[in-house]
Amino acid sequence: MSDLSGKTTIVVGASRGLGHGIATAFAEAGSRVVAVSRTGAPFAEPAGAGSTVPELADAGDPTVAGSLLDRYRPEVVVLAAGASPHMRPLQHQTWETFSVNWQTDVRIAFHWLREALLTPLRPGSRVIVVSSGAAMAGSPLSGGYAGAKATQRFITGYAQDEANRAGLDITFSAVLPRITPATELGRSAARAYAARDGRSEEEYLKQMGPLLTPEIAGAAMVELVRTEATAVAPGYLLTGAGLKKLP
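Residues numbered from 1 in each chain as written. Predicted model: local features only at pLDDT ≥ 70, side-chain atom pairs only at ≥ 80, totals over all residues. Heavy atoms only, no water.

### Digging into the sheet that holds strand β7 (residues 235-239)
Ordered in space as β3-β2-β1-β4-β5-β6-β7-β8, the eight strands form an open sheet in which the pairing is mixed. Sheet topology places β3 (51-56) and β8 (242-245) at the edges, where each strand pairs with a single neighbour. Shown here is a sheet whose adjacent strand axes are inclined to one another by a mean of 20 degrees, direction ignored. Direction of pairing for strand β4 (residues 76-79) relative to strand β5 (residues 125-130): parallel, over a ladder of four bridges. (Pairing = 2+ DSSP bridges. Helix = DSSP H or I, 4+ residues; strand = E, 2+ residues; numbered from the N terminus. Axes fitted to C-alpha atoms, helices over the stretch in contact; angles between N-to-C directions.)

And the structure:
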């Protein structure tokens, strides 16, 4: 899928953060982007032939995924939506705050992956689930966030297995972004972990190397979709230096 001109991309969670950068990058690459979010967000007119179509919807609603996939018949789906976890130690969580990312992030991934298989998406389609680096490293101040993100990675792999078993030519990948102050979630996490370590936020972030930005994330997703399907890995770590295949 080296040429995205005339292709349709659905970006779920496109109103802010990495999702907004991803939606912008695909439009700049010539794709028609369906920007799904609960609240609207402004998008600059892309320089290329692409366009952005806003869709205000709750991506966790079990009827939304099937409805939008049927309406737009996309070649690319990127799931970047999720809830911001409550940044507190375990003993200061409630079950409701602890489980918020299971009830949102995992729920969204489940509904959209399921519908991508049932519809099914057209041959050659790509589905990218934006998980988190916390899925590998853990996240002791964010309740069930790390476990929810790990589950997103697992079920992305399950979807690929089911697609292969059914003979569907669909490629599924999980991308795990490293924490970044360029997002609201990343800023709150950086503040919390810096305070926990007795360091400044700047000191905490400095140890992480080049910082990820929405623009870097967008360019990386476009690069991944343009990669030959046979060369695509099941999972990637995403940092300020770009994508790195995971074992």
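### With respect to the layout of surface pockets
Within this model, the second largest pocket holds a volume of roughly 160 Å³. What lines the second largest pocket is a set of 13 residues, and nearest its centre among them are G157, F172, A233, P234 and G235. At the level of secondary structure, the elements contributing two or more residues to the lining of the second largest pocket comprise α6 (145-165) and β6 (170-177). (1 Å grid on protein atoms, 1.4 Å probe; cavity = no way out; pocket = protein on both sides within 12 Å on 5 of 7 lines; lining within 4 Å. Points joined across faces, edges and corners; volume = space filled by probe spheres on them.)

### Re the environment of S84
Following the sequence through the fold, S84 ends up in the loop between β4 and α3 (95-98). Using a relative accessible area of 31% as the deciding quantity, one classes S84 as partly exposed. Each C-alpha atom of the pair S84 and L185 lies 5.7 Å from the other, and the pair is 101 residues apart in sequence. (Buried < 20%, exposed > 50% of the residue type's maximum accessible area, 1.4 Å probe, protein only.)

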